[in-house]
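Survey of secondary and tertiary structure
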Amino acid sequence: MQAAYRPTPPCVLVFSGSDPSGGAGMQADIPAITALGCHPLSVPTALTVQDNVSVFAVQALDPDLVRYQAQVLIDRFDIAAVKLGIAGSHANAEMIASLIRQLRKRNPEMPVVLDPVLANGRGDQLSRDDAARVIEPLYDLATVITPNLNEARRLCGDVAPARQAAMLMQRGCGHVLLKGGHGPLEEDVINRWYGQGFRSEFAEDAIESARWRWSRLPDEFHGSGCTLAAALSACLARGLPMRTAIELAQRYTQHALSTSYAIAAGQRIPNRVPVFEPEVDAAAAAGA
């Protein structure tokens, strides 16, 4: 068999927590970024004790270790985008912010996707500090922030989506993708993108650039938000414009959820990687 080497893919630098159940966090980011044609460079920020239902403990890594891991990668590889999950601590967030500023000196237009993960699906906390305060150093570095309904409410209060988006943009986020996946079960999922600023100099609401409606699936999923943010970072790393990147990342995520699988009772695991099933099935049949 002759080699058929691929061209060098864009590299996405990922800061996120490790999930030993393989459903969320870095274990979600790596396959999603890979599936969309990029190479993930992974820097864990925290170790968690969790399964596909509950988070039992979170141990943030030392910020100097986070810096050391990332600096080795930054010095060696071209970074096309950054994806941010949980920082684990305020000190880690400040360290990550300094690393992004360093990268932006090399590439001022480098996209940064901020997934403001404050808790898991059932509300278990994912930071030793106040998670909403932890991400404050990262707002003005975010090309796009991707909160779900619960996260947007916690970060901005119980106000209209356009007002929530405006508040996040006023803190420095360039674009806002408000996800509707944690809404009422009887309704479709509506994801809203805000990226055109405000209606006027004195307006309090952001302008909705586009919205997408997806059929709500009947189950709950472990790492769906991580999957979407990671996919979006890969699409932006490949140079796609924001609207196209958001559209493709959603399509990929919806497919991963609709073809998900269960490893135990509780949340299902998104199917993020195209499986080599025909070849596996053929090998199994040949060996039978």
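Basis of the calculations
- Residues numbered from 1 in each chain as written.
- Predicted model: local features only at pLDDT ≥ 70, side-chain atom pairs only at ≥ 80, totals over all residues.
- Heavy atoms only, no water.
- Axes fitted to C-alpha atoms, helices over the stretch in contact; angles between N-to-C directions.
- Helix = DSSP H or I, 4+ residues; strand = E, 2+ residues; numbered from the N terminus.
- Parallel < 35°, antiparallel > 145°, perpendicular 65-115°, else oblique.
- Left-handed = near helix turned anticlockwise from the far one by under 90°.
- Contact = heavy atoms within 4.5 Å.
- Buried < 20%, exposed > 50% of the residue type's maximum accessible area, 1.4 Å probe, protein only.
- Core = buried A, V, L, I, M, F, W, Y, C linked by side-chain atoms within 4.5 Å.
- Nonpolar A, V, L, I, M, F, W, Y, C, P; charged D, E, K, R; others polar.
- Pairing = 2+ DSSP bridges.

Quick notes on the packing of helix H1 (residues 26-35) against helix H7 (residues 224-237)
At a minimum axis separation of 8 Å, H1 and H7 run at an interaxial angle of 40°. Taken together, H1 and H7 sit at an angle that is classed as oblique. As H1 packs across H7, the resulting crossing turns out to be right-handed. Here H1 contributes Ala 28, Asp 29, Ala 32 and Ile 33 to the contact with H7, which in turn contributes Cys 226, Thr 227, Ala 230, Ala 231, Ser 233 and Ala 234.

Concerning the environment of Tyr 139
Tracing the chain through its elements places Tyr 139 in the loop between helix H4 (131-134) and strand E6 (144-145). For Tyr 139, a relative accessible area of 5% puts it in the buried group. When the C-alpha atoms of Tyr 139 and Met 169 are compared, they prove to be 8.4 Å apart, with 30 residues separating the residues in sequence. Contacts of Tyr 139, omitting those with residues within four sequence positions, involve Ala 132, Ile 145, Leu 155, Leu 168, Arg 171, Gly 172 and Cys 173.

Looking at the nonpolar core
Among the nonpolar cores identified, the biggest contains 48 residues, and Leu 13, Phe 15, Val 82 and Leu 84 are the most heavily contacted of them. Take this core: its biggest share by element is seven residues, from helix H3 (residues 90-106). Excluding residues within four positions of it along the chain, Phe 15 makes contact with Val 43, Thr 45, Val 66, Ala 70, Val 82, Lys 83, Leu 84, Gly 85, Ile 86, Ile 96 and Leu 99.

Focus on the packing of helix H2 (residues 63-76) against H3
The interhelical angle for the contact between H2 and H3, taken along N-to-C directions, is 20°, at an axis separation of 9 Å. Taken together, the axis directions place H2 and H3 in an arrangement best described as roughly parallel. Between H2 and H3 the crossing geometry is right-handed. Counted together, Pro 63, Asp 64, Val 66, Arg 67, Ala 70, Gln 71, Ile 74 and Asp 75 of H2 and Ala 91, Asn 92, Met 95, Ile 96, Leu 99, Gln 102, Leu 103 and Arg 106 of H3 form the full contact between these two elements. The residue makeup of the contact of H2 with H3, split by class, is nine nonpolar, three polar and four charged.

A closer look at the pairing of strand E3 (residues 55-60)
Where strand E2 (residues 39-50) and E3 come together, five bridges link them in antiparallel fashion. Counterpart to Thr 48 in the pairing with E3 is Val 58. Where E2 hands over to E3, the hairpin turn is made up of four residues, counted between the paired strands.

Here we look at the side chain of Gln 50
Along the polypeptide, Gln 50 turns up in strand E2. What Gln 50 contacts, discounting residues up to four positions off in sequence, is Ser 18, Asp 19, Pro 20, Ser 21, Val 55, Phe 56 and His 222.

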